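Each chain, letter by letter, is given below.
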Amino acid sequence: MKKIVFALGLLTLLISNCSKKQNKPILNYIEEPHSFSLPNEAVITHMDLDINVDFDNEIIQGKASYLIKNNEASQIILDSKFLTIEHVQADGKDTTFSLGDFDEQLGNPLKIDINKNTKRITVFYKTTDQTEALQWLKPQQTTDKKFPFLFTQGQAILTRTWIPIQDSPQIRITYNAKVHVPSQLMAVMSAENPKEKTSNGHYTFKMAQPISPYLIALAVGDIEYKAISDRTGVYAEKSMVEKAHYEFSDMENMVASAEALYGKYAWEQFDVIVLPPSFPFGGMENPRLTFATPTVIAGDKSLTSLIAHELAHSWSGNLVTNASWDDFWLNEGFTVYFEMRIMEALYGKDRANMLARIGRQDLEEEIEGFKDTPDDTKLKLNLKGRNPDDGMNSIAYDKGYLFLRTLEEKAGREKFDIFLKNYFQTHAFSTINTEKFIAFLNENLLEKHDIVFNTEAWVYNAGIPDNQAIISSDKFETVEKTIQQYVKSNSIDKALTIDWTTQEWVHFVRNFPNDIKTEHLAMIDEVFNLTNSNNSYIAMVWYEQAINHDYHGNNIDVKIEEFLIQVGRRWYVSTIYKAFKRHNKTDVALAIYKKARANYHSVTTNTIDDLLGFKQD
Ligand code: BES
Ligand code: ZN
């Protein structure tokens, strides 16, 4: 009898244990190589950030407090890199924690002890001088040169260097923040923002829609706001506000045409902040507040496709987010496609085709650059053990675009647009990986309309499949003829270029014959003074050509050096340093780089250090 009772007891114990296991909610986060967090065990859902921005010591200090979804875990793991963790609480009481081994890319796992009922954890911390996300600028490094400036850059895995967090793109959190800054400065975030300075330097923020950690952003400086419409506007330093306001005056129209294409803008407000010139990117799609380089302020609105691009990320990236950095093309390829559609809707096919042709040439050059590592030309990547930055090149952007454009041409625009709208709607506020995308594509476009398409080849193979869409531009054909004529006749007919746009100039400069003579470059420079162009894009491609062809007229060497010291936009400066390297002038590049390096953000120095083999003494 006793035995039976015992056996029954054991059985109920087993059953109850078993059902307990089954009661554990099943969470479906995938294994992701660039985060230590184990979100299926315990995952953050909301952050309350309370920080002080200390310009004197160049540190951020405060606390990050999280609500968590706790799957009966005894530990929650956050990512942290170069942070000093002071103490940690679980539900308001001090708890134990440890930092796991340091990994050069990923930093340290911050392992916090909790119990199965823990609902909130709070980490008290400060940043260090090794932080990679933050760039602290002295007044001289700003446009107005009066006050210091700070900005953050989170993508891809840098948020963990200024906030301890589960830093994977598949995590989504809402956040509130309290930020304390010197009273002369204003703070803005990827959240609901102030339009004026407060008197005491205290700011509060709220991001009500769940976003991925790489999209948490902060900028602090002597900035002002000027509205363009009810829901769009610009932040910039005083001397830049009017220029930015003029340059981006089409922002409301951009939002409206984007909405007409793929559905309602989900973030209410769309503002842009123009940062000091060291900002390492053209733009960064921080929700509600795109961060932008001042190098797009050309005075003639000719480089504003960058704004269309960052706006497009409000759908592809911020709303529907790549699940891991191996799927980065889902963010950028879709965004370039959407960018081109916005540009076409607002400015017509000629402009869109020119932009697409420029991207096509970028792609050609990128593929050539990867000829020894063809795996890097695949859309779906395998970046395990590598810096995700390694995958952030033209392949994701321009091959991604070419794939979608080819698909559009195959399916027809009408069907393709219905499909894309459905894609954004179905996956809003969630993450997507390549495999999920392919399944969705098959079901909702290809099988539905009996379309046969080589999706797998596009996504998983190196190079470009044979069925690629042909991108042509009449405008650019005319430009190519003009080049031939100039070179052949040894003279310049200015009339041929009278109504050229920036894109035509860029195409002109990038497509000189390989054997063009320096006399020809001198002749072109004499007439068009490209060395002193106020358009950063034209100047940048011209400097590249000057280096390629050993042209030193018009004091261009000084100009190139000034440009590299002034501008920190990675794409621009790396193009120029690469040209030096290609032509065995790494010594010249290094001499300039030593003067310029202190002005660059870590994102840029990481790339250029590698490129030039630079080591700090
Ligand atoms: N999200 C990117 C910037 C980025 C990429 C940051 C990879 C960190 C890692 C942004 O949307 C972008 O693509 N910017 C481009 C602009 C362009 C293609 C119009 C840039 O910075 O040049
Ligand atoms: Zn982008």
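Residues numbered from 1 in each chain as written. Chains lettered and ligands numbered in written order. Predicted model: local features only at pLDDT ≥ 70, side-chain atom pairs only at ≥ 80, totals over all residues. Heavy atoms only, no water.

Draft legend 1. Region of the structure containing the overall build of the protein. Helices and strands together make up the secondary structure of the protein, namely 18 helices and 21 strands. By the compact-globule yardstick of 25 Å for 617 residues, the protein fits well, its C-alpha radius of gyration being 26 Å. Reported as C-alpha extents along the three principal axes, the dimensions of the protein are approximately 110 × 65 × 50 Å. Counting every position in the protein, which comprises 617 residues, the buried fraction comes to 59%. Restricting the contact set of the protein to residue pairs at least 6 apart, pairs at least 24 apart contribute 71%. Only carbon and sulfur atoms are counted for the fraction: they give 49% of the accessible area of the protein, which is about 26,100 Å². Each charge class in the protein can be summarised by its mean position, and for the 65 positive and 83 negative side chains these summaries are 5 Å apart. (Helix = DSSP H or I, 4+ residues; strand = E, 2+ residues; numbered from the N terminus. Rg over C-alpha atoms; globule rule 2.2 N^0.38 Å. Buried < 20%, exposed > 50% of the residue type's maximum accessible area, 1.4 Å probe, protein only. Contact = heavy atoms within 4.5 Å. Areas by Shrake-Rupley, 256 points an atom, 1.4 Å probe, with all protein chains shown as cover. Lys, Arg positive; Asp, Glu negative; His and termini not counted. Charge placed at Lys NZ, Arg CZ, Asp CG, Glu CD.)

Draft legend 2. Structural detail: the coordination of the zinc ion (ligand 2). Bound to the zinc ion (ligand 2) are the protein donor atoms His-309 (NE2), His-313 (NE2), Glu-332 (OE) and Glu-332 (OE), situated 2.0 to 2.8 Å from the metal. We classify Glu-332 as buried; its relative accessible area is 2%. (Donors = N, O, S within 2.8 Å, 3.2 Å for Na, K, Ca; no water.)

Draft legend 3. The packing of helix α7 (residues 394–411) against helix α9 (residues 434–446), seen in detail. One way to put it is that α7 packs onto α9 with a least axis distance of 13 Å and a crossing angle of 15°. Here α7 is positioned roughly parallel relative to α9, judged by the angle of their axes. Viewed along their axes, α7 and α9 form a crossing whose handedness is right-handed. For the pair α7 and α9, the contacting residues are Phe-403, Leu-407 and Ala-411 in the first and Phe-437, Leu-441, Leu-445 and Leu-446 in the second. (Axes fitted to C-alpha atoms, helices over the stretch in contact; angles between N-to-C directions. Parallel < 35°, antiparallel > 145°, perpendicular 65-115°, else oblique. Left-handed = near helix turned anticlockwise from the far one by under 90°.)

Draft legend 4. Structural view of the site of ligand 1. Gln-155, Gly-282, Glu-285, Glu-310 and Tyr-397 are the nearest of the 16 residues found near ligand 1. In this structure, Gly-282 approaches ligand 1 through a main-chain N or O atom, which is 2.6 Å from an oxygen atom. Within the side chain of His-309, a nitrogen or oxygen atom sits 3.1 Å from an oxygen atom of ligand 1. Counting residues per element, the ones that place at least two in the shell around ligand 1 are β18 (283–284), α4 (305–312) and α5 (328–347). A per-class count over the shell around ligand 1 returns six nonpolar, six polar and four charged. (Near = heavy atom within 4 Å. Polar contact = N/O pair within 3.5 Å; in protein donor to acceptor, adjacent residues only side chain to side chain. Nonpolar A, V, L, I, M, F, W, Y, C, P; charged D, E, K, R; others polar.)

Draft legend 5. Expanded view of the environment of Ala-177. Tracing the backbone shows Ala-177 in strand β11 (residues 173–180). You can call Ala-177 buried: its relative accessible area is 3%. Put simply, Ala-177 and Asn-422 are 245 residues apart on the chain and 33 Å apart in space, counted from C-alpha to C-alpha. When residues no more than four places from it in sequence are discounted, the contact partners of Ala-177 are Leu-49, Met-189, Tyr-203, Thr-204 and Phe-205.

Draft legend 6. Quick peek at the pairing of strand β1 (residues 42–54). Note: β1 against strand β2 (residues 59–70), twelve bridges, orientation antiparallel. If you follow Met-47 over to β2, its bridge partner there is Tyr-66. Where β1 hands over to β2, the hairpin turn is made up of four residues, of which Glu-58 adopts a positive phi near 50°. Examined bridge by bridge, β1 and β11 share seven bridges and lie parallel to one another. Bridged to Ile-51 within β11 is Val-179. (Pairing = 2+ DSSP bridges.)

Draft legend 7. Seen up close, the packing of helix α6 (residues 349–369) against α7. Between α6 and α7, whose axes approach to 9 Å, the crossing angle comes to 125°. When the axes of α6 and α7 are compared, the pair comes out oblique. As α6 runs across α7, the sense of the crossing is left-handed. Contact residues: Asn-353, Ala-356, Gly-359, Arg-360, Asp-362, Leu-363, Glu-366 and Ile-367 in α6; Ser-394, Ile-395, Asp-398, Lys-399, Tyr-401, Leu-402 and Arg-405 in α7.

Draft legend 8. Molecular detail of α4. Burial analysis of α4 places eight of its eight residues in the buried class, which makes it a mostly covered element. Along α4, the residues that are buried comprise Ser-305, Leu-306, Ile-307, Ala-308, His-309, Glu-310, Leu-311 and Ala-312.

Draft legend 9. Representation of unusual backbone geometry in the model. A cis amide bond links Gln-155 with the next residue in sequence, Ala-156, at an omega value of 0°. With respect to the helices and strands, Ala-156 occurs in the loop between β10 (149–152) and β11. Its identity is not glycine, yet Lys-301 carries a phi of approximately 60°, on the positive side. Exposure remark for Lys-301: the relative accessible area of 25% places this residue in the partly exposed category.

Draft legend 10. Molecular detail of the sheet that holds strand β3 (residues 75–80). Across the sheet, which stays open at both edges, the three strands sit in the order β3-β7-β6 with antiparallel pairing between neighbours. At either margin of the open sheet sits one strand with a lone partner, and together these are β3 and β6 (97–99). Neighbour to neighbour, the strand axes of the sheet diverge by 20° on average, direction disregarded.

Draft legend 11. How the structure looks around the sheet that holds strand β9 (residues 134–137). Ordered by their spatial adjacency, four strands build an open sheet running β9-β10-β14-β12, and the pairing between neighbours is antiparallel. The two strands at the open ends of the sheet, each matched to only one other strand, are β9 and β12 (186–189). When strand polarity is set aside, the average angle formed by the axes of neighbouring strands in this sheet is 10°. Pairing of β9 with β10 involves four bridges; the strand directions are antiparallel. Pairing of Leu-134 across the sheet is with Thr-152, part of β10.

Draft legend 12. Summary view of the environment of Thr-478. Here Thr-478 shows up in helix α11 (residues 474–489). Judged by relative accessible area, Thr-478 falls into the partly exposed class, the value being 42%. Taking the C-alpha atoms as reference, Thr-478 lies 9.1 Å from Leu-496; in sequence the two are 18 residues apart.

Draft legend 13. Structural context of the pattern of salt bridges. Applying the stated criterion to the full structure yields 33 salt bridges. Two residues, Arg-231 and Glu-252, come together in a salt bridge whose shortest N-O distance is 3.0 Å. Of this pair, Arg-231 sits in the loop between β15 (223–229) and β16 (232–237) while Glu-252 sits in helix α3 (residues 251–262), placing them 21 residues apart in sequence. Classification of Glu-252 as partly exposed rests on a relative accessible area of 22%. Across the pair Arg-288 and Glu-268 runs a salt bridge whose closest N-O atoms are separated by 3.0 Å. (Salt bridge = Lys/Arg side-chain N within 4 Å of Asp/Glu carboxyl O.)

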